[in-house]
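Overview (structure and organization)
Below, each chain spelled out in residue letters.
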Number of protein chains: 2
Amino acid sequence: MSFFPATLENLIDKFASLPGIGRKSAQRLAFYLLSLPDSEAQAFADAVVAAKTNVHCCKICQNLTEGEVCSICSSDRRDRSTICVVSEPRDVLSIERGHEYNGLYHVLHGVLSPMSHVGPDDIRIKELLQRVADDEVEEVIMATNPDTEGEATAMYISRLLKPFNIRVTRLAYGIPVGSNLEFADDATLNRAIEGRTEM
Amino acid sequence: MSFFPATLENLIDKFASLPGIGRKSAQRLAFYLLSLPDSEAQAFADAVVAAKTNVHCCKICQNLTEGEVCSICSSDRRDRSTICVVSEPRDVLSIERGHEYNGLYHVLHGVLSPMSHVGPDDIRIKELLQRVADDEVEEVIMATNPDTEGEATAMYISRLLKPFNIRVTRLAYGIPVGSNLEFADDATLNRAIEGRTEM
């Protein structure tokens, strides 16, 4: 038996359905929202609907945007000959934070995962091939995560890109800057040795 | 500079303003909501508004309810001579989970905290005194948290209750059931020794 009113219980359920939010956290969040002034709780609800209504995928790179084409694809300061392929929109942010990369992106919105029934048609691979065929692309950088599924996806796409006769590269593996050899795992250390560079 | 569309950025801000949710978690939650079907995102927003609109405080015990009086206060199976005073609605749930207590509750909605400018008029103490004055209350159990502010609040209220000539009790301190003496802190152990009972 629950001792919370039904609408409160429903709100707790909604929060608990979000990833990484357990029952206790969901309760805390729901109580917090109830403690806010009406206008702020309403603003929270409005933010959910507004984001869901206005945000969609850029028709070129599939990154999230409010316009038809995202700010990166429409910028004339970006190098249009390079496409960096990432699995999620948040990965674009991670790479942009480095202020090093100046090319375009392509967001796959997922990775190939036979276990979760995600096949090539479920992520935006077709759109990538189309871009490579149409535009003056010279290099595609595969920047999916360095885990099994990310690797497999990068491998799969790089094979599809072979016929286009362009450069296909992968992010370098190695020890993270500022970290400690002692805490690096074997696989990472081995990759760091393999990929060693001249000083 | 942000690379997310404004409405998405706004949704992330809203999530990040919730307690215990950092910037990264807020991003993850916002992306998750965007990935839901329209109807589910709308249901989430509706849940926030519905809870905020329908849930208010029970006019007797100040616990959260949708009706005028909560299910505990309106139940004829509860012992009306005992009131358990807690600081937050979630504390009612904690005590109810034990299936041991059968009296009524009083939710203070906070604790006295000079540091955060919370004084006696900011929490529901007046309503408690009113209940004790009006009803046939025989015992008030102070069940605020065993921290400095909870203690001070319990002490303050117990003094206000003195003139009513009723029993005022406090939850027992001691070592938690199933725990290990080795990990009990000094203060808890001392209280456990002070409060020792005959076997």
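Residues numbered from 1 in each chain as written. Chains lettered and ligands numbered in written order. Predicted model: local features only at pLDDT ≥ 70, side-chain atom pairs only at ≥ 80, totals over all residues. Heavy atoms only, no water.

All names here are of chain A. A cluster of acidic residues, D79, D134, D135, E136 and E138, forms a negative patch at the surface. Mapped onto the secondary structure, D135 falls in the loop between α6 (125–134) and β5 (139–142). With relative accessibility at 39%, the residue D135 sits in the partly exposed group. (Patch = residues over 30% accessible without salt bridge, like charges linked within 9 Å, V, L, I, M, F, W, Y side chains within 5 Å. Areas by Shrake-Rupley, 256 points an atom, 1.4 Å probe, with all protein chains shown as cover. Salt bridge = Lys/Arg side-chain N within 4 Å of Asp/Glu carboxyl O. Lys, Arg positive; Asp, Glu negative; His and termini not counted. Charge placed at Lys NZ, Arg CZ, Asp CG, Glu CD. Helix = DSSP H or I, 4+ residues; strand = E, 2+ residues; numbered from the N terminus. Buried < 20%, exposed > 50% of the residue type's maximum accessible area, 1.4 Å probe, protein only.)

The interface is formed by 49 residues belonging to chain B together with 49 residues belonging to chain A. Across the chain B/chain A interface, buried area totals approximately 4,600 Å², and carbon plus sulfur atoms make up 75% of it. When contributions to the side of chain B that touches chain A are tallied by element, the ones reaching two or more residues are α1 (6–16), α2 (23–35), α3 (38–54), β2 (64–65) and α5 (89–97) of chain B. Here the side of chain B that touches chain A gets 13 residues from one element, more than from any other, and that element is α3 of chain B. Grouping the constituent residues of the side of chain B that touches chain A by class yields 31 nonpolar, nine polar and nine charged. (Contact = heavy atoms within 4.5 Å. Buried area = accessible area lost by both parts, 1.4 Å probe. Nonpolar A, V, L, I, M, F, W, Y, C, P; charged D, E, K, R; others polar.)

So, on to the environment of D91 of chain A. Residues and elements named next belong to chain A. Relative to the helices and strands, D91 is located in helix α5 (residues 89–97). Looking at D91, the relative accessible area reads 15%, which means it is buried. The spacing of D91 and V107 is 16 residues in sequence and 8.5 Å in space, taken between C-alpha atoms. A polar atom in the side chain of D91 sits 3.2 Å from the side chain of S87. (Polar contact = N/O pair within 3.5 Å; in protein donor to acceptor, adjacent residues only side chain to side chain.)

Hydrogen bonds along the backbone pair up the strands of a sheet, which may run parallel or antiparallel. All names here are of chain B. Taken in spatial order, the four strands line up as β4-β3-β5-β6 in an open sheet, and their pairing is parallel. The two strands at the open ends of the sheet, each matched to only one other strand, are β4 (103–107) and β6 (167–170). Across this sheet, the average inter-strand angle for adjacent strands is 25 degrees, counted without regard to direction. With five bridges connecting them, strand β3 (residues 79–86) and β4 associate as parallel partners. Along β4, the bridge assignment pairs C84 with Y105. Along the sheet face, helix α6 (residues 125–134) touches β3, β4 and β5 (139–142) and points at about 150 degrees away from the line of β4. (Pairing = 2+ DSSP bridges. Axes fitted to C-alpha atoms, helices over the stretch in contact; angles between N-to-C directions.)

All names here are of chain B. Where β5 meets β6, four bridges bridge the pair, whose relative direction is parallel. Residue pairing in the sheet places E139 in a bridge with R167 of β6. Read as a crossover between parallel neighbours, the route from β5 over helix α7 (residues 148–161) to β6 is right-handed. (Right-handed = clockwise from strand over helix to strand, strands pointing away.)

Attention now goes to α7 of chain B. All names here are of chain B. When the terminal C-alpha atoms of α7 are compared, their 20 Å separation across 14 residues agrees well with the 20 Å that a helix rising 1.5 Å per residue should span. The complete set of buried residues in α7 reads G150, T153, A154, I157 and L161. All buried residues of α7 lie within an arc of 100 degrees about the axis, which places them on one face of the element. Looking at α7, the residues exposed on the side facing more than 90 degrees away from the buried face are T148 and R159. Close packing links the buried residues of α7 with β3, α6, β5 and β6. (Expected span 1.5 Å × (residues − 1). Arc of directions from axis to C-beta.)

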